[in-house]
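# Working through the structure, step by step
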Amino acid sequence: MSTTLVTKTADTTATPPAADAKAVLPPAIRIQNISKVFGDFVAVDNVTLDIAAGEFFMIVGPSGCGKTTLLRILAGLEKPSSGSYSITTTPGSQRPENSMVFQGDSLFPWMTVWENAAYGLKMRQAPAAHIKEVVGHYLDRTGLTRFAKSYPHQLSGGMRQRVSIARAFANDPEILLMDEPFSALDAQNKLLLQEELLRIWEEHKKTVLFITHSVDEAVILGDRIMISTAQPGRVKTMVKVPFGRPRNVMELQREPAFGNLVHEIWTSLREEVDRARAQIEMAGK
Amino acid sequence: MSEIAATQPQTKRWTMSEAARDRLINFVSPIALLLLWEVLARVHLIDTRFFPAPSSILQTLVAMLETGELQRHTLTSMRRLAIGMVVGGVPALVIGVTMGLNSVLRAAVDPLISATYPIPKSSILPLALLVFGLGESSKIFMVAIGVFYPIAMNAMTGVREINKIYLDVGHNFKASRWNVFRTIALPGAMPMIMTGVKLGVGMGLVLIAISEMVGAKSGLGYLVWNAWETFSVDQMYVGLFVIALIGFVLTLILNEIEKFVVPWKR
């Protein structure tokens, strides 16, 4: 598998890479001036963002920068204090607007792997034959077919997160929202799951909004990366990831351009991490 | 190091596994007590008018089985217990889970439950007799009351203790209200609910015995009370024994049910 490298490693303009090819399409996600305030705490500050259809969009930022809040707003789990967003849906389709892969354990402990993966489809009353086919497919793609009848507590952390991913993909949403899905995994498992995620994603190239605090992960997976400021979270810079697809994670990590891009993003992020720490120390006094 | 290695085979020969030892003690201790009781009764070291020998109680039990009297009383009590469990348990489950999910209902009902819970259930019996009369309904009501509280309170707590992320998942996957109840709240609270059911069954058994002692002509409670009135002490022990046996068997059954409805807990 070869990796196409573009000489220009970063792009700070807000133009999505797919904008030229899919100029006629409206953005899959349009976020306009969204802010979220909890009491005195500004979690998200005036974020405006367009994410193109089929784009794998990453948000990187220090802990507590409101990344998760923004995702929860798009998932319909929180209401924005101000601003609005729209998610483009396929006309005439029954597909749900979004599905979320949550951070940490979100599988129902009382359901088997199969029942968990089928949850979204069951909730929207898809025909049984369809559920069987789709869930079977994604359990197969995530290597979980053998564990279909197991309960989550019988699985390792990596396998549980695979079920979470299968559950979101099986629901066939317009967009996928991923909230640091691999943050609790060890380095080896993380790498395997990143590869698996990319492989599954290649099948349909759904629009993904993926949140992470790992710069490596952002560069490995993303088409475009938004670096968020420390609290309050707002758009600091946009970085275009120039690597082609399909990507081989192991090979990609060996490329000098990969290291350069990671370094560049880190430099930008570093200021924010330092600022976030200063805020915590200030609050402590 | 060498000392441990040397002593280990020896200790292994003399001890059995802890579980096996405990099971043996579980089995031996009641038998030893019964034997002691039998001996003390035979040599008249204890007053056999109050503590008849286990062998004579067993004879009475067999005689009562032969006449069918014991079966009749047992079945009557069990039927009342079963109906009372359903009449009290099903609303308790629905109200408890709904209270866990809905803060408005919780705010409205919780004070009522908290205020009436400390009332000893047995002290409601005169009121139950007044309202429901001497028939079946007063007994069923008593069981239902006893079962209601632990199930309702445990169901509510069980739902409230469900990790919020599961409700987020339900919301994100567009689960309807009914589906949130059916696929998240109910199974999530099930371990706590089962604990409530076990407590409720124990309470129900106490209350059925008490309510049959007053104003009943059948049932194990009546059997025990009637034995006091006629001074048939052997019969009294038979009644108490069967009540204990029912409690024991129900616990075993509920443990099995628990494994079936909560298969995901270890």
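These numbers were taken from a predicted model, which means no experiment stands behind them.

Quick notes on the rules
All residue numbers refer to positions counted from 1 along the written sequence of the respective chain. Each chain gets a letter, beginning with A, and each ligand a number, beginning with 1, in the order they are written. Owing to the predicted nature of the model, reporting of local features is limited to residues with pLDDT of at least 70; listing and counting of side-chain atom pairs is limited to 80 or more, with chain, interface and lining totals taken over all residues. Note that water and hydrogens are dropped before the side-chain values are worked out from all heavy atoms of the structure. We count a stretch as a helix when DSSP gives it H or I for four or more residues in a row; a strand needs E for two or more, and each element gets its number in order from the N terminus. Every helix has an expected span of 1.5 Å times one less than the residues it contains. For the exposure calls, accessible area comes from a 1.4 Å probe over protein chains only, and a residue counts as buried if that area is under 20% of its type's maximum, exposed if over 50%, partly exposed in between. The start and end points of each domain follow an automatic or database-based domain assignment. Contacts between residues were defined by any pair of non-hydrogen atoms, one from each residue, lying within 4.5 Å. Here the quantity called buried area is the accessible surface, traced with a 1.4 Å probe, that two parts lose on coming together, added over both. In what follows, salt bridge is the name for a side-chain nitrogen of Lys or Arg lying within 4 Å of a carboxyl oxygen of Asp or Glu. N or O atoms within 3.5 Å of each other form a polar contact, as long as, within protein, one can give a hydrogen and the other can take it, and as long as residues adjacent in sequence are counted only when both atoms are side-chain atoms. Whether two strands pair comes down to DSSP finding at least two bridges between them. Every axis corresponds to a line fitted to the C-alpha atoms, with the helix fit spanning only the stretch in contact, and the corresponding angles, defined between N-to-C directions, vary from 0 to 180 degrees. In summary, the pairing rule links any two rings of Phe, Tyr or Trp, Trp by its six-membered ring, whose centres are within 6.5 Å, and it sorts them by plane angle into stacked for under 30 degrees, edge-to-face for over 60 and tilted for everything else. Both a distance and an angle decide whether a charge sits over a ring: NZ of Lys or CZ of Arg must be within 6 Å of the ring centre and within 35 degrees of the ring normal.

On to helix H5 (residues 157-170) of chain A. All names here are of chain A. Across its 14 residues, H5 extends 20 Å between first and last C-alpha, which sits within 8% of the 20 Å expected from 1.5 Å per residue. Here H5 lies mainly inside the structure; 13 of its 14 residues are buried. Backbone geometry just after H5 places Asp172 at a positive phi near 50°.

All names here are of chain B. Assigned domains within chain B: domain 1 (17-51) and domain 2 (54-261). The centre of domain 1, based on its C-alpha atoms, is set 31 Å off from the matching centre of domain 2. Listed as interface residues are seven residues of domain 1 and, on the opposing side, six residues of domain 2. Approximately 540 Å² of surface area, both sides summed, lies buried where domain 1 meets domain 2, with 64% of it carried by carbon and sulfur atoms. Our count for the domain 1 to domain 2 interface comes out at zero salt bridges. One can count three residue pairs in polar contact (both at pLDDT 80 or more) joining domain 1 with domain 2.

Residue and element names in this part refer to chain A. Overall, antiparallel pairing links the three strands, which are arranged E2-E1-E4 in an open sheet. On the outer flanks of this sheet lie strand E2 (41-51) and strand E4 (82-87), each paired with one strand and no other. Ignoring strand direction, the axes of neighbouring strands in this sheet form an average angle of 20°. Helix H1 (residues 67-74) rests against strand E1 (29-38), E2 and E4 of the sheet, and its axis sits at about 120° to E1.

By convention here, two paired aromatic rings are described through the distance between centres and the angle between planes. Applying the stated criterion across every chain, the model contains 17 aromatic pairs over all chains. Between Phe132 of chain B and Phe141 of chain B the ring centres are 4.8 Å apart and the planes differ by 35°, which places this aromatic pair in the tilted class. Note on Phe132 of chain B: relative accessible area 34%, which makes it partly exposed. An angle of 15° between the planes, with centres 5.8 Å apart, marks the rings of Trp178 of chain B and Phe181 of chain B as stacked. One end of the pair, Trp178 of chain B, and the other, Phe181 of chain B, are both in helix H9 (residues 177-213), three residues apart, so they sit about a helical turn from each other. By relative accessible area, which is 55% here, Trp178 of chain B ends up exposed. Of the residues examined, Phe181 of chain B reaches a relative accessible area of 16% and is grouped as buried. An aromatic cluster is present here, built from Phe108, Trp110 and Tyr119 of chain A together with Tyr166, Phe173 and Trp264 of chain B joined pairwise through their rings. Across the ring face of Tyr149 of chain B, the terminal group of Lys121 of chain B is positioned such that the distance to the ring centre comes to 4.8 Å.

We now examine the interface of chain B and chain A. Contacts between the two partners involve 21 residues from chain B, matched on the other side by 24 residues from chain A. Both faces combined, the contact of chain B with chain A buries some 1,900 Å², and carbon together with sulfur accounts for 65% of it. Summed over the three residues of chain B that lose the most area to chain A, namely Asn172, Phe173 and Trp264 of chain B, the buried surface amounts to 37% of that side. At the junction of chain B and chain A, the tally comes to one salt bridge. A salt bridge links Asp168 of chain B to Arg72 of chain A; the nearest nitrogen and oxygen atoms lie 2.9 Å apart. Contributions of two or more residues to the side of chain B that touches chain A are made by helix H8 (164-172) and H9 of chain B. Here the side of chain B that touches chain A takes eight residues from H8 of chain B, the largest share from any one element.

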